[in-house]
Amino acid sequence: MRLEARAHRSRVAIVVAPFAAIAFTLGVTMLLVAWAGAPIGQTYALMFDGGFGSRFAWSETLTRATPLMLTGLSAAVAFRARLWNIGAEGQLYAGALAAVAVGGLHGGSGFGVPAAVLFPAMLGAAVLAGAVLLLIPTLLRTRFGVDEVVTTLLLNFIVLLFVSMMLDGPMKDPTALGWPQSVALRDDLQLDRLIARTRVHTGLVYAAVLAAVLAFVMRATTFGFEVRAVGANARAAAFVGIPVARTMAVVALISGGLAGLAGAIEVAGRTGYVTLDMSPGYGYSGIVIAMLAGLNPLGVLVAAIFVAGVLVGADSMSRGVAVPTYIADVIVAVSLVSMLVATLFARYRLRR
Amino acid sequence: MTGADLVALFANADFWSAVLRIATPLIFGTLGALLCERAGVLNLGIEGIMVAGAFAGWLAVYQGASLWTGVAAAALAGAAFGLLHALLTVSLALSQHVSGLGITLFATSASYFAYRVTFPNVSTPPTIRPFAELSAIPIPVLASQTALTWAALVAVPIIAWMLYRTPLGLALRMVGENPAAVEGQGIDVVRLRTGAVVAGSALMGVAGAFLTLSAFNAFYFNMVNGRGWICIALVVFAGWRPGKALAGALLFAFFDALQLRLQQQAGGIPYQLYLMAPYLLSIAALVVVARRATYPQALMKPWRKGER
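Residues numbered from 1 in each chain as written. Chains lettered and ligands numbered in written order. Predicted model: local features only at pLDDT ≥ 70, side-chain atom pairs only at ≥ 80, totals over all residues.

Let's talk about the overall build of chain A
Helix and strand counts for chain A stand at 13 helices and two strands. The C-alpha radius of gyration of chain A comes to 21 Å, within 12% of the 20 Å expected for a compact globule of 352 residues. Along the three orthogonal principal directions, the C-alpha set of chain A runs to about 70 × 60 × 35 Å. A burial count over chain A gives 53% of its 352 residues as buried. Within chain A, residue pairs in contact and separated by at least 24 positions form 78% of the contacts whose partners lie at least 6 positions apart. (Helix = DSSP H or I, 4+ residues; strand = E, 2+ residues; numbered from the N terminus. Rg over C-alpha atoms; globule rule 2.2 N^0.38 Å. Buried ≥ 20, exposed ≤ 12 C-beta atoms within 10 Å, placed from the backbone. Contact = placed C-beta atoms within 7 Å.)

Here it is in structure tokens:
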């Protein structure tokens, strides 16, 4: 039995593949819901309602999708160059910490520096922190051949411990009653609400604009071509004169910067300060989102809304029926795997 | 801490017992990852497979099975996720990175889901009676270990022997270097790689089971806590050799045990710095060995029959 590339790419197969993957995912997770002893129809209805069923549901989903879009873009651009950045979680926290370190200077007053200056500086610091955090493992790979999968993964743990240290020490909010959280940002450094009386903030606009810019850069510029060439075949790219190591380094700065920005946007748009549980694995989810989107920046926006909807919907569903919220992560994992298989079979077929 | 304190610490059998205890899951996990990678398949599912092994082993024992049945259940759970990884990466030749991370997410969330379904309303995790220390053995440090640690120590020479002294081991090493040559010998590449990934993943499952059946007596969320990723680093550090994998796991465990002791004694220094040390050391070790690391040549390269 072997795989054989289809001679004619069937348009039907390419359109049908994602739906087949979703149907398969629903089928598998239905078994789990049945096992939990909950009514299947009601569970899915509650989940859909909680994620997409009302104005409030949409606002919560979009709020949750904002950091996921940015980490998804971070993974998409890195993976396109075959730079396996598994460290977006750490980069996000580094960005959040840097944002508060700059924006929350001097016990949160920021020395009274006007927001017009401090706000860009704050975002810049976050981007820089994330970028540098990924640049190090990338240089270790291109200079010394150290596998970046392992180093970026290990850096996640190091960064989280560093954040914990900062929240216990110099960046601790003295008024937080011993709770490990940082000082809060000034009101004028926080992002505006995008929709009144919801938590949706202008971070969503940042994510959408960046996705559009990235889509343009990847498709229509020389740099985008170089990134794709390095990802497709680094040796061939080097042979035709593309500076592989430099391209990788720039990709690392973009990818790490996007993840760092996700941290700053979360702080400025949602929490106002840094805590150790501000990200329930947004960095890791970003990888799944990038893969679901086929590494397409605009697709990342859609995939992030899907994943956010599942997460928000599951939270709301589990208050109604006895199905643990972990079902959301199962749905996301199964949809990733089935999407990969489905798109494979849209391009290949099995031959005996 | 003075030099004399350090000497006293190293003369203390309890310290070395702790080193072996910390090393045990790393030995199982590293051997498992090594088997997969020697056959040419990176298995980033390890972190989740360890969670699944920890949960499956513990659940079996909690429901009345013997401890060794629990270990078998953990191995089986690991093998099942390994089979899925092999189907995706070997049979279907999908990206090993993506599939592995997907398996980690799947195995972790499925285990947490199953735990919550089985125990909807518990606040303190239910406990079991874990493996007892083999105190009948008259050697100080080994007497305070459980049978699973012994099993890990015995597994190292067995796997080394299998890899270097048997036809199966030769084929397995070769399929990670040059699958086309293996094919030329009339051996089924897909089957061989699948077998290696399934066996390696079973070992990862046992690594998880050590946590719930020996090191602790209950299943906690986040209890694997990056140990799987450490194993992936250790395989590189060990140069894909079982003996060096054992040495690497012991070295890592030594530093981990040391930082735990120093943490308790030294005042003024944030405890997080101590916790960071093993991770920083792992990265430093990878940088040191990277120049002369000889990766299995076909590692992470999907193989399709008839394609070059």
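Here we look at the overall build of chain B
Regarding its fold elements, chain B presents 13 helices and zero strands. Taken from N to C terminus, the helices and strands of chain B fall in the order α-α-α-α-α-α-α-α-α-α-α-α-α. The C-alpha radius of gyration of chain B comes to 20 Å, within 12% of the 19 Å expected for a compact globule of 308 residues. A total of 308 residues make up chain B; the buried ones form 50% of that total. Within chain B, contacts between residues at least 6 apart in sequence are counted, and of these 78% link residues at least 24 apart.

Remarks on unusual backbone geometry
The phi angle at Arg-197 of chain A is positive, at roughly 60°, despite the residue not being glycine. For Arg-197 of chain A, the location among the structural elements is in the loop between helix H6 (148-168) and helix H7 (203-220). Taking the C-beta count within 10 Å as the criterion, Arg-197 of chain A has 9 such neighbours and is therefore assigned exposed. Even without glycine at this site, Asn-225 of chain B takes up a positive phi of about 45°. Take Asn-225 of chain B: it is sitting in the loop between helix H10 (189-215) and helix H11 (227-237).

Here's the deal with the packing of H6 of chain A against helix H13 (residues 271-290) of chain B
At a minimum axis distance of 9 Å, the contact between H6 of chain A and H13 of chain B shows a crossing angle of 160°. Comparing their axes, H13 of chain B and H6 of chain A come out roughly antiparallel. The hand of the H6 of chain A/H13 of chain B crossing is left-handed. Residue-level inspection shows Val-150, Thr-151, Leu-154, Phe-157, Ile-158, Leu-161, Phe-162, Ser-164 and Met-165 of chain A of H6 of chain A in contact with H13 of chain B, the latter providing Gln-272, Leu-273, Leu-275, Met-276, Tyr-279, Leu-280, Ser-282, Ile-283 and Leu-286 of chain B. (Axes fitted to C-alpha atoms, helices over the stretch in contact; angles between N-to-C directions. Parallel < 35°, antiparallel > 145°, perpendicular 65-115°, else oblique. Left-handed = near helix turned anticlockwise from the far one by under 90°.)

Re the confidence of the model for chain A
Summarising the model, chain A shows a mean pLDDT of 91, and 99% of its residues fall at 70 or more. Across chain A, element-level confidence peaks in helix H3 (residues 55-80) of chain A with a mean pLDDT of 97 and bottoms out in strand E1 (residues 2-5) of chain A with 75. (pLDDT = per-residue confidence, 0-100.)

So, the interface of chain B and chain A
Contact with chain B, which involves 38 residues of that partner, is made by 41 residues of chain A. When contributions to the side of chain B that touches chain A are tallied by element, the ones reaching two or more residues are helix H5 (96-118), H11 and H13 of chain B. Counting residues per element, the side of chain B that touches chain A draws most heavily on H5 of chain B, at twelve residues.

Looking at the packing of helix H4 (residues 67-91) of chain B against H5 of chain B
How two helices sit against one another is set out by the angle between their axes and by the gap between those axes. Residues and elements named next belong to chain B. Where H4 meets H5, the closest approach of the two axes is 10 Å, and the angle between their N-to-C directions is 150°. If you check the angle between H4 and H5, you find them roughly antiparallel. The hand of the H4/H5 crossing is right-handed. Residues Phe-81, Leu-84, His-85, Leu-88 and Thr-89 of H4 form the contact with H5, whose own contacting residues are Gln-96, Ser-99, Gly-100, Ile-103 and Ala-107. Looking at the contact of H4 with H5 residue by residue, the class counts come to five nonpolar, five polar and no charged. (Nonpolar A, V, L, I, M, F, W, Y, C, P; charged D, E, K, R; others polar.)

Remarks on the environment of Gly-286 of chain A
Residues and elements named next belong to chain A. For Gly-286, the position within the fold is in helix H11 (residues 282-292). Between the alpha carbons of Gly-286 and Ala-304 there is a distance of 7.9 Å; along the sequence they are 18 residues apart. Residues contacting Gly-286, with those up to four places away along its chain left out, are Leu-68, Thr-71, Gly-72, Ser-74, Ala-75 and Ala-88.

Quick word on H11 of chain B
Counting buried positions along H11 of chain B yields eleven of eleven residues, so the element is predominantly enclosed. What H11 of chain B keeps buried is the set Arg-227, Gly-228, Trp-229, Ile-230, Cys-231, Ile-232, Ala-233, Leu-234, Val-235, Val-236 and Phe-237 of chain B. Those residues of H11 of chain B hidden inside the fold are in contact with H6 of chain A together with helix H2 (13-38), helix H3 (46-62), helix H12 (242-265) and H13 of chain B. Positive phi appears at Gly-239 of chain B, one or two residues downstream of H11 of chain B, with a value of about 60°.

Observations regarding the nonpolar core
Counting 225 residues, the largest nonpolar core has Ala-99, Val-300, Ala-304 and Val-307 of chain A together with Leu-234 of chain B as the members making the most contacts within it. Considering every element that reaches this core, the biggest residue donor is H10 of chain B, with 16 residues. Those residues in contact with Val-300 of chain A that sit more than four places away from it in its chain are Met-69, Gly-72, Leu-73, Ala-76, Ala-211, Ile-289, Ala-290 and Ala-293 of chain A. (Core = buried A, V, L, I, M, F, W, Y, C linked by C-beta atoms within 7 Å.)

Observations concerning the environment of Val-175 of chain B
All names here are of chain B. The topology assignment puts Val-175 in helix H8 (residues 167-177). Note on Val-175: 29 C-beta atoms within 10 Å, which makes it buried. Considered as a pair, Val-175 and Pro-270 are 95 residues apart in the sequence and their alpha carbons are 47 Å apart. Apart from residues lying up to four places away in sequence, Val-175 is in contact with Ala-39, Gly-40, Val-182, Val-189, Leu-192 and Arg-193.

Regarding the confidence of the model for chain B
With 98% of its residues at a pLDDT of 70 or more, chain B shows a mean pLDDT of 92. Prediction confidence for the complex, expressed as pTM and ipTM, is 0.93 and 0.92 respectively.

Details of the environment of Thr-69 of chain B
Residues and elements named next belong to chain B. Position of Thr-69 among the secondary structure elements: in helix H4. Accessibility expressed as a C-beta count within 10 Å gives 14 for Thr-69, which makes it partly exposed. Spatially, the C-alpha atom of Thr-69 lies 19 Å from that of Gly-29, the residues being 40 residues apart in sequence.

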